[in-house]
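Residue-level structure breakdown
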Amino acid sequence: MASESSPLLAYRLLGEEGAAFPPNGAGATGVASARKLSTFLGVVVPTVLSMFSIVVFLRIGFVVGHAGLLQALAMLLVAYIILALTVLSVCAIATNGAVRGGGAYFMISRTLGPEVGGSIGLMFYLANVCGCAVSLLGLVESILDVFGADVTGSSGIQVLPQGYGWNLLYGSLLLGLVGGVCTLGAGLYARASFLTFLLVSGSLASVLVSFVAVGPRNIPLAPRPGTNSSSVPHRHGHFTGFNGSTLKDNLGAGYAEDYTTGAMMNFASVFAVLFNGCTGIMAGANMSGELKDPSRAIPLGTIIAVAYTFFIYILLFFLSSFTCDRALLQEDYGFFRDISLWPPLVLIGIYATALSASMSSLIGASRILHALAQDDLFGVILAPAKVVSGGGNPWGAVLYSWGLVQLVLLAGKLNTLAAVVTVFYLVAYAAVDLSCLSLEWASAPNFRPTFSLFSWHTCLLGVASCLLMMFLISPGAAGGSLLLMGLLSALLTARGGPSSWGYVSQALLFHQVRKYLLRLDVRKEHVKFWRPQLLLLVGNPRGALPLLRLANQLKKGGLYVLGHVTLGDLGITACLTFSTDSLPSDPVQPQYGAWLSLVDLAQVKAFVDLTLSPSVRQGAQHLLRISGLGGMKPNTLVLGFYDDAPPQDHFLTDPAFCEPAEGTREGGTPALSTLFPPPRAPGSPRALSPQDYVATVADALKMNKNVVLARACGALPPERLSRGSGSSAQLHHVDVWPLNLLRPRGGPGYVDVCGLFLLQMATILSMVPAWHSARLRIFLCLGPREAPGAAEGRLRALLSQLRIRAEVQEVVWGEGAETGEPEEEEEGDFVNGGRGDEEAEALACSANALVRAQQGRGTGGGPGGPEGRDGEEGPTTALTFLYLPRPPADPARYPRYLALLETLSRDLGPTLLIHGVTPVTCTDL
């Protein structure tokens, strides 16, 4: 945990400009001087150019001609609403903290985690790579439409040869120009973008002036592809100037065949073309690593760019509807050049927008790739992208992206890939909205963006609209992109990722768990839905691994807490370690990491609760009282048995804990063998005396907690502690003795609360897959005055009502039966010393012999049964459940009570001595 003097999230709060970078992570390699782009050059210019793309010059007529002015405006409004919703989320996240390199990927990954963030980041990177290739191929086609050798018409200048090879050459040369600019750094890119912005602005200005300055004219229309121009009469479109009749004719929709493809247009297809040209709102965010103040520049610049492009699109829609008839709009997508005062300026604008879009895509892709490489999510495959220049320019990522774009250019035509690119962009937009939505729903106190014009409603609407738009544009591409995202997320989950980013999923879980814990009312508990909630006290986990896994199997979906008591006193520690400059630290806090690693390696679903106390008994009381929360608090205490068996080190034999000899695990974290002390040497002093051990059991019963004492669990068959099915394992028995064997009297002792608790716990264990093949046997002891068969019938009827499938066996109480007292004898008389110690010892020995005899009777010996049975064939007793008598009322008899328990459970193999104090089952529906 961070100390009071540690830096705030490893950020430097004071120092030179741009020093708000962490020492490691994406974008950390960039020096402060690399952050030099302003809001205008770094965000407004690239975002405007990306949102204009080539659509603003070549598809305005297409949209208005087919959809009409009213539907075109509706399309534009819907498209910009979707984009605006995402922009609101971008602004919220960007103003909630320091934004480093990687743009949208950085925002998504630091919110949703590396699994989702890495997968979407890679998809966003591929979208930018393919988007760059699409822009370059569009630029090549635009150039060849005028300068190509195969161009027909009087306006063509036939100087450039055409063909697949030539087209690839032209695209590669243009890619070299674009890649060279990006390789030399963001500064040159910004200057080139600004020059492009001036050219595009000048070209648009000339178009706007031309609408007013140019008079009416007839414009010849090129013949449709595939038609014989000699047999088809010449057709003309009309530029009418500002005319009310023209506007009236263009108000309604008039969907027709696309003259370039022959496909019939409709609302969805036209809207997809329009929206495809507007998906550039992340161009400024992608430059986050080069911006002077990304938290201010990204929201401000993006909003300005979106508003500016929206205004220009509306203006062009109105001007086109007022001045051009529908034939011109539908049959000549490049009519801007035909009505321009100086047509070459329109060509310059077309070429500049295509070139700027390709540059924006390439430099954005390189920044995303560099951030992915710095985070090391995809291993060595992205290692070259980590290389940066002395000025902080990731030229390695630029060259990497350059090569991928060159490969995509080999495809030649990318009409089908264009829809995939748009869908990938929409996936990233939806992820940004989802990130902001998650942060808002999590109600985290540290989510307080300075941009407040958003809410969870806008985020949710943004997610829904992006998903809807994906399937509207291309259902196949949308489904494939979601499938790809799932596969990449699964890959990153398998590889594992950094845990220091902060996961919004944890905040959401906390928020929901807190809400439902408040609704979990203990006053509404019912015995029908009882489940064990265990607190396992562990001294040293080296010797408790089998018990730790067995308790995990017994919890049946309930709470499971690993408790540990560290001996000491915080006040005394303070006196010993006090200094004038700092307060002493809690010795318990550093131990949590080791215990959590233990839970992970043991693969158990447990919480960890540690405490500091002068004695183990007091620490156990602390844990019993304060562990858990609300309706989820332990109701059962589990302890290892107190005997003289030498401690075992299961870390040495358990495959899950086999670690490198040098004492470090993968990632440089210390091995568990170095975090936990070696097992206690035989004969060495113990932290807990026999008196305190029994007192701890008594304390738990006084607090109305059930108690489980586990003995010899290290002898359990390994397959029974595994998480798989035990159907193929050797057949075993689970023996249950639901009668107090230290209280030898007749009567229905098996139906008391404690006896039912034993039956319930044994039944729970039989539900675990690893114990499915084990046979449950219940032994019924006959009292001296009880006829055979009567008690067995009553027990079978009870088991039938309780839906417990088990084999019932009656055993005759041999030695000690004659010592039975009347029915009114007080419970636990032998325990409390009402009879002599020698007689109590003899009774415990007799009960032990009885249990051992049943373990080997006709079925082979148990693992801890009498000598000479281990070699016999047949089922063995894997686990024995015994009734645990209450501790004596007199604390002076605690050692004697523990000795009786030791005698009773001696050589029985794995044994659970259980005392239940709460009703746990019922016969009602």
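A few points about the overall build of the chain
In terms of helices and strands, the chain carries 28 helices and 12 strands. Across the 925 residues of the chain, 52% fall into the buried class. If you take every contact in the chain between residues at least 6 apart in sequence, the share linking residues at least 24 apart comes to 80%. Of the roughly 40,100 Å² of accessible surface on the chain, a fraction of 62% belongs to carbon and sulfur atoms.

Considerations on the packing of aromatic side chains
Summed over all chains, the structure comprises 25 aromatic pairs. Measuring from centroid to centroid gives 6.1 Å for Phe40 and Phe194, while their planes differ by 75 degrees, and the two rings are edge-to-face. Residue Phe40 is located in helix α1 (residues 39–52), and its partner Phe194 is located in helix α7 (residues 186–213); the two are separated by 154 residues in the primary sequence. For Phe194, a relative accessible area of 31% gives the class partly exposed. Where Tyr313 meets Phe317, the ring centres are 6.5 Å apart and the plane angle is 50 degrees; that geometry is what we call tilted.

A word on the environment of Val736
Relative to the assigned elements, Val736 resides in strand β8 (residues 732–737). Overall, the relative accessible area of 0% leaves Val736 in the buried class. Separated by 19 residues in sequence, Val736 and Gly755 place their C-alpha atoms 9.4 Å apart. Setting aside residues no more than four positions away along its own chain, Val736 makes contact with Leu758, Leu759, Ala762, Leu776, Arg777, Ile778, Phe779 and Phe881.

Focus: the sheet that holds strand β6 (residues 636–640)
Ordered by their spatial adjacency, 10 strands build an open sheet running β5-β4-β3-β6-β7-β12-β11-β8-β9-β10, and the pairing between neighbours is mixed. Both edges of this open sheet fall to β5 (607–613) and β10 (807–812), since each of them pairs with a single strand only. Between one strand axis and the next, the sheet turns by 25 degrees as a mean value, whatever way the strands run. Here β8 pairs with strand β9 (residues 775–782) via 4 bridges, running parallel. Of the residues in β9, the one forming a bridge with Asp735 is Arg777. Across the sheet, helix α21 (residues 592–602) is in contact with β4 (560–567) and β5; its angle to β5 comes to roughly 145 degrees. Along the sheet, helix α25 (residues 753–767) contacts β6, β7 (706–711), β8, β9, β11 (876–883) and β12 (911–915); its crossing angle with β11, the most-contacted strand, is approximately 150 degrees.

Overview of the pairing of β5
The side chains of a regular strand alternate, residue by residue, between the two faces of the sheet. Within β5, 6 of the 7 residues are buried, leaving the element largely enclosed by the surrounding structure. Relative to β5, β4 runs parallel, the two being bridged by 7 bridges. Considered in β5, the bridge of His564 is made with Leu610.

Some points on the pattern of salt bridges
Under the criterion given, the structure shown has 9 salt bridges. One salt bridge in this structure joins Arg549 and Asp654, with 2.4 Å as the shortest N-O distance. With a gap of 105 residues between them, Arg549 in helix α19 (residues 545–554) and Asp654 in the loop between β6 and α23 (672–675) connect regions that are remote in the sequence. Across the pair Glu841 and Arg896 runs a salt bridge whose closest N-O atoms are separated by 3.1 Å. Of this pair, Glu841 sits in helix α27 (residues 837–856) while Arg896 sits in helix α28 (residues 894–904); the two residues are 55 residues apart in sequence, bridging distant segments of the chain. Since its relative accessible area comes to 26%, Arg896 is described here as partly exposed. Several salt bridges share partner residues, and in doing so they unite Asp643, Arg711, Glu902 and Arg906 into one network.

Concerning the side chain of Gln553
Turning to its location among the elements, Gln553 is positioned in helix α19. You can call Gln553 buried: its relative accessible area is 8%. In this structure the side chain of Gln553 is engaged in a polar contact, spanning 2.9 Å, whose partner is the side chain of Trp771. Beyond its immediate stretch of four places on either side in the chain, Gln553 contacts Arg720, Leu721, Ser722, Ile764, Leu765, Val768, Ala770 and Trp771.

So, unusual backbone geometry
In the Ramachandran plot, Lys556 falls in the positive-phi region, its phi being about 50 degrees despite a non-glycine side chain. Its place among the elements puts Lys556 in the loop between α19 and β4. One non-glycine residue, Arg803, adopts positive backbone phi at about 60 degrees. Here Arg803 lies in the loop between α26 (790–801) and β10. According to the relative accessible area criterion, Arg803 is exposed, its value standing at 55%.

A short note on the confidence of the model for the chain
In the predicted model, the chain carries a mean pLDDT of 80, and the fraction of residues at 70 or more is 83%. With pLDDT under 50 throughout, residues 1–33 is counted as low confidence; its partners more than four residues away or in other chains account for 42 contacts. Every residue in residues 815–828 is under pLDDT 50, and counting partners more than four places away or in other chains gives 19 contacts.

Analysis parameters
- Residues numbered from 1 in each chain as written.
- Predicted model: local features only at pLDDT ≥ 70, side-chain atom pairs only at ≥ 80, totals over all residues.
- Heavy atoms only, no water.
- Helix = DSSP H or I, 4+ residues; strand = E, 2+ residues; numbered from the N terminus.
- Buried < 20%, exposed > 50% of the residue type's maximum accessible area, 1.4 Å probe, protein only.
- Contact = heavy atoms within 4.5 Å.
- Areas by Shrake-Rupley, 256 points an atom, 1.4 Å probe, with all protein chains shown as cover.
- Phe/Tyr/Trp six-rings, centres within 6.5 Å; stacked < 30°, edge-to-face > 60°.
- Pairing = 2+ DSSP bridges.
- Axes fitted to C-alpha atoms, helices over the stretch in contact; angles between N-to-C directions.
- Salt bridge = Lys/Arg side-chain N within 4 Å of Asp/Glu carboxyl O.
- Polar contact = N/O pair within 3.5 Å; in protein donor to acceptor, adjacent residues only side chain to side chain.
- pLDDT = per-residue confidence, 0-100.

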